[in-house]
Amino acid sequence: MTKAIWLAGAAVCALLSSPAMAQTATGAGAPVADAARQGVLVFETAFFADARPDTALDMIARLPGFAFESGDSGTRGLAGTAGNVLIDGRRPSTKSDNLDQILRRISAAGVAHVELIRGGAPGIDMQGRSVVANVILIRTVTTERVVESNTYVYPDGHLGPVLSARWSRREGDDQIEGSISGFSDRTDGTGDGFRRRYDPAGNLIQDADLVLWDRIRNLRATGAVQRRVGGGLLRVNGLLGWFGNENSQDLLIRSGPGVDSFNDEESNDVNGELGVNWTRDLGPRTGLELTGLQRYSAEDYTGVSESSGDSSTFTADSTSGESIGRAIVRFRPNDRWSFETGGEVAYNFLDSVTAYSENGVPIPLPSSAVKVEELRGEVFGQATWRPAPTLTIEGGLRVEVSEISQSGDSDLTKSFVYPKPRIQATWTPWSGHQFRFRAEREVGQLNFGDFIASADIDIGQVEGGNPDLEPEKSTVIEAIYERRFWGEGVFDVTVSHAEIEDVVDVIPLTGGFDGVGNIGDGTADFLQLRLTLPTDRLGIPNGRFQTRGSWSSTSVLDPVTGEERRFQGNQAFGCGVSFNQDLAGGRWSYGFDHGCNVDKGRGFRVREVRAFYEEPGVGAFVQWKPQGDLTVRVDLGNATDRAQGYDREIYTGPRDTAPLAFREVRRTRMSPWLFVQIRKTF
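Starting afresh in each chain, residues are numbered from 1 along the sequence in its written order. This being a predicted model, a pLDDT of at least 70 is required before a residue's local features are given, and a value of 80 or more before pairs of side-chain atoms are given or counted; all residues contribute to the totals for chains, interfaces and linings. Side-chain measures here rest on the full set of heavy atoms in the structure, leaving out hydrogens and waters.

Here we come to the state of the cysteines. By convention in this document, the label disulfide applies to cysteine sulfur atom pairs within 2.5 Å. Overall, the coordinates contain one disulfide when judged by the stated rule. Through a disulfide, Cys-575 is tied to Cys-596; the S-S separation comes to 1.9 Å. Note that Cys-575 is positioned in strand E30 (residues 573-583) and Cys-596 in the loop between strand E31 (588-594) and strand E32 (599-604), a separation of 21 residues in sequence. Judged by its relative accessible area of 7%, Cys-575 is buried. Secondary structure is summarised from DSSP: a helix means a run of H or I of at least four residues, a strand means a run of E of at least two, and numbering begins at the N terminus for each. Note on classification: 1.4 Å probe, protein chains only; a residue is buried when its accessible area is under 20% of the maximum for its type, exposed when over 50%, partly exposed between these limits.

In structure tokens:
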């Protein structure tokens with residue numbers, strides 16, 4: 001099968017390199033290469049006309065060969081957290097407000113054009129990425145009021161309402177906007193299924209029914225103001241939100257030994273954020289950007305498990321916060337060179353108290369009362385050189401200095417200094433062909449949650465905290481080939497190799513608990529093929545077919561058995577297929593998507609190996625725009641009522657010495673659903 005895949009890939013490459021596939025414009029809406037900035041494709045609003053997009057996010061979704069990434073709000077600091085979309089050349093000065101939500105609040109009518117920047121462009125902060133999209137807003141006066149009334153509809157009659165309202169006004173650089181939203185829904189944590197256990201010989205020893213129930217609720221308000229202040233552009237944004245989650249599991253034994261059990265969990269999280277960003281030109285070729293950010297969150301959790309008169313309770317209360325200051329100076333002496341330098345300082349903390357008891361008797365946990373604090377600093381410099389119109393070379397160095405301290409049950413302080421060099425080259429030897437190469441030293445972050453005790457109450461597992469951790473370090477080499485054809489067609493191949501030090505995994509802790517720790521060095525290899533194929537020449541006008549296949553191979557020594565295995569949760573193969581088409585000039589649209597792989601990787605603990613399972617998902621949508629200010633859309637999700645779960649091999653002790661106790665198979669199904677959306681602009 002592997003040989004067939006490689007032959008198919010080679011055939012596609014040969015086809016796309018033929019003269020017949022040369023990049024040609026398909027009309028007035030075709031993307032235009034910016035001659036002054038090599039590697040930049042400009043998509044005017046005419047390109048999106050057949051789709052009649054409502055928001056900037058709809059426009060981003062239509063960029064050929066571009067895979068949207070919202071960023072990682074869980075990463076501390078601002079470096080490395082941004083998504084791959086900029087707005088007027090700048091990243092949003094927020095972390096709690098997702099990039100997709102920000103783009104969803106920008107009306108398509110307020111967008112002048114969208115740039116696809118491949119390999120860098122003067123004055124653009126690429127955020128360490130090889131490709132970013134840049135949404136350029138119009139400067140005319142626009143005032144907009146948008147109301148959305150949406151709901152999830154389930155076969156059993158349950159409704160999950162989603163309501164939102166937004167107001168915004170733009171006049172040149174001046175902007176003001178506000179939004180409020182709320183929803184109440186359920187997830188794939190609601191469904192029915194089974195849990196079956198087998199002895200080592202494969203004989204069924206227990207059969208149980210699973211009944212799962214959950215509810216999630218959210219309220220959120222956001223606001224932003226942008227004005228000219230002090231010779232520069234000042235933007236202030238704020239967010240306040242609440243998120244609640246309740247779920248339960250009933251395990252009903254139908255045959256074999258054992259007793260029924262019932263688990264209930266509830267959590268509440270209140271969070272807020274204030275962000276400030278100020279940019280100013282210091283000269284015709286020099287600019288300054290200052291960013292400040294403050295976040296705060298408080299969360300409480302309670303999990304209770306009951307079985308045959310016995311009970312266990314796990315509670316956790318925590319507060320966390322983050323304060324960030326960042327400064328960047330950019331200098332562009334000419335069209336061939338640009339420089340960037342700056343620094344960032346951040347203070348983070350997590351103050352958590354956890355408790356575990358069985359039948360009312362407290363059970364001591366490793367690191368149950370902990371305050372983790374981190375003071376992080378980073379300085380960086382970067383140079384971009386364009387020695388020829390077809391070649392761009394970018395080199396940079398970041399040096400990270402941090403100190404993490406833990407107080408409470410145990411006191412420990414660790415200091416780290418990590419240089420992170422990076423070099424990237426982008427070469428466009430012929431029209432429609434581009435090669436991108438990257439070599440980089442990456443350093444991961446320690447998860448504060450690994451320092452404290454946690455619980456997986458539905459399967460009765462409690463995990464101890466471990467402060468003695470080192471961040472993962474990786475040396476990554478990556479190459480990408482991109483071929484653009486037929487105006488909107490894109491084929492790309494990505495190959496990468498990484499040497500990883502101090503792999504973070506699960507290790508045994510004192511007291512018989514598992515916990516997160518470092519297990520040594522490993523390697524990771526990755527291959528991905530992607531194709532976006534416009535179907536106009538195949539007789540299907542205004543259609544787009546997309547497919548993706550990826551292969552991953554990782555290797556590390558298991559800390560229990562000493563044998564070579566994959567990383568935790570590493571997915572060896574992934575794939576997806578989708579198609580959409582616009583009809584009647586965008587008045588109607590429809591499409592489908594299919595996640596075609598089953599492999600979800602394995603999890604490894606001291607006494608257990610868990611193989612995750614999820615059947616491929618299928619979804620479809622139809623959209624109707626009876627008039628320019630009204631959109632009605634219906635999505636069908638989980639159309640095949642797919643099963644998910646895992647297979648567990650549970651041992652009587654450590655896996656290297658103890659025999660297998662039993663095997664457990666768990667499967668649940670969540671019903672299909674419809675998502676009905678009505679969007680009205682006033």
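With that settled, the discussion passes to the pattern of salt bridges. Salt bridge criterion: a side-chain nitrogen from Lys or Arg within 4 Å of a carboxyl oxygen from Asp or Glu. If you walk through the whole model with that rule in mind, you get 50 salt bridges. When the shortest N-O distance is used, the salt bridge between Glu-374 and Arg-376 registers 2.8 Å. For Glu-374, a relative accessible area of 1% puts it in the buried group. Because the salt bridges share partners, they merge into one network encompassing Arg-195, Arg-197, Glu-608, Arg-610, Arg-648 and Glu-664.

Of note in the backbone geometry, Trp-486 takes a positive phi value of approximately 55 degrees without being a glycine. Within the fold, Trp-486 resides in the loop between strand E23 (473-485) and strand E24 (489-501). For Trp-486, a relative accessible area of 13% corresponds to the buried category. The phi torsion at Asn-542 lies on the positive side, around 55 degrees, for a residue other than glycine. Tracing the sequence through the fold places Asn-542 in the loop between strand E27 (522-534) and strand E28 (543-557). Residue class for Asn-542 comes out partly exposed when judged on its relative accessible area of 24%.

This part covers the side chain of Ser-297. Following the sequence through the fold, Ser-297 ends up in strand E13 (residues 286-307). Ser-297 sits in the buried class, given a relative accessible area of 16%. For the purposes of these results, a polar contact is taken to be a pair of N or O atoms within 3.5 Å, where, inside protein, one atom must be able to donate a hydrogen and its partner to accept one; residues adjacent in sequence count only when each atom of the pair is a side-chain atom. For Ser-297, the side chain forms a polar contact with the side chain of Asp-269, separated by 2.7 Å. Whether two residues are in contact is decided by their heavy atoms, any of which lying within 4.5 Å being enough. Ignoring any residue separated from it by four or fewer positions in sequence, one finds Ser-297 in contact with Asp-269, Val-270, Asn-271, Ser-318, Thr-319 and Ser-320.

With that out of the way, let us pick up the nonpolar core. Residues grouped as a nonpolar core are buried Ala, Val, Leu, Ile, Met, Phe, Trp, Tyr and Cys residues, joined through side-chain atoms within 4.5 Å. By size, the foremost hydrophobic cluster in this structure holds 24 residues, and its most contacted members are Ile-60, Leu-63, Phe-66, Val-85, Leu-103, Val-111 and Val-135. Of all the secondary structure elements, the ones that give two or more residues to this core are strand E2 (40-44), helix H2 (56-61), strand E3 (85-87), helix H3 (99-104), strand E4 (111-118) and strand E5 (131-137). Here Ile-60 is in contact with Phe-66, Phe-68, Val-85, Leu-103, Val-114, Ala-133 and Val-135, once residues within four sequence places are set aside. Counting residues in each nonpolar core, the second largest holds eleven residues, with Ile-404, Tyr-418, Val-443 and Phe-448 among its members.

Now for the packing of aromatic side chains. Side-chain rings of Phe, Tyr and Trp, where Trp is taken by its six-membered ring, are said to pair if the distance between their centres is within 6.5 Å; with planes under 30 degrees apart they count as stacked, over 60 as edge-to-face, and otherwise as tilted. According to the stated counting rule, one finds 18 aromatic pairs in the structure shown. Seen from their ring centres, Tyr-152 and Trp-673 are 5.4 Å apart, and the 75 degrees between their planes marks the pair as edge-to-face. Remark: Trp-673 occurs in strand E38 (residues 673-681) and Tyr-152 occurs in strand E6 (residues 142-153); sequence separation between them is 521 residues. Measuring from centroid to centroid gives 6.5 Å for Trp-427 and Trp-430, while their planes differ by 45 degrees, and the two rings are tilted. Judged by its relative accessible area of 38%, Trp-427 is partly exposed. Residue classification places Trp-430 among the exposed positions, given a relative accessible area of 52%. In this structure an aromatic cluster arises from ring pairing among Phe-331, Trp-337, Phe-339 and Trp-385. In this structure, Arg-398 is placed above the aromatic ring of Phe-380, and the distance from its NZ or CZ to the ring centre is 4.8 Å. Placement of a charge over a ring requires the Lys NZ or Arg CZ to be within 6 Å of the ring centre, with the centre-to-atom vector within 35 degrees of the ring normal.

Note that Ala-388 resides in strand E17 (residues 369-388). What makes Ala-388 partly exposed here is its relative accessible area of 28%. In this structure, the C-alpha to C-alpha distance between Ala-388 and His-113, residues 275 residues apart in sequence, is 27 Å.

On to the pairing of strand E35 (residues 630-637). One face of the sheet, then the other: side chains in a regular strand alternate in exactly this way. We treat two strands as partners when DSSP finds at least two bridges between them. In the sheet, strand E34 (residues 618-627) pairs with E35 via six bridges, with the strands oriented antiparallel. Paired with Val-622 across the two strands is Val-634, which belongs to E35. Connecting the antiparallel pair E34 and E35 is a turn made up of two residues. Note: E35 against E38, eight bridges, orientation antiparallel. Looking at the pairing, Asp-635 lines up with Phe-675 of E38.

Turning our eyes to something else, we now look at the pairing of E30. Burial of E30 is extensive: eight of the eleven residues sit out of reach of the surface. The pairing of E30 with E31 spans seven bridges and is antiparallel. Bridge pairing links Asp-582 to Ser-589 in E31. In textbook terms, the turn of a hairpin is the stretch between consecutive antiparallel strands, and for E30 and E31 this stretch comprises four residues, one of which, Ala-584, has a positive phi near 55 degrees.

Time to look at the confidence of the model for the chain. A residue's pLDDT is the predictor's confidence in that residue, given on a scale from 0 to 100. Looking at the chain as a whole, the pLDDT averages 88, with 90% of positions reaching at least 70. Taken as a whole, residues 1-28 scores under 50 in pLDDT and shows 34 contacts with residues more than four places along the chain or in a different chain.

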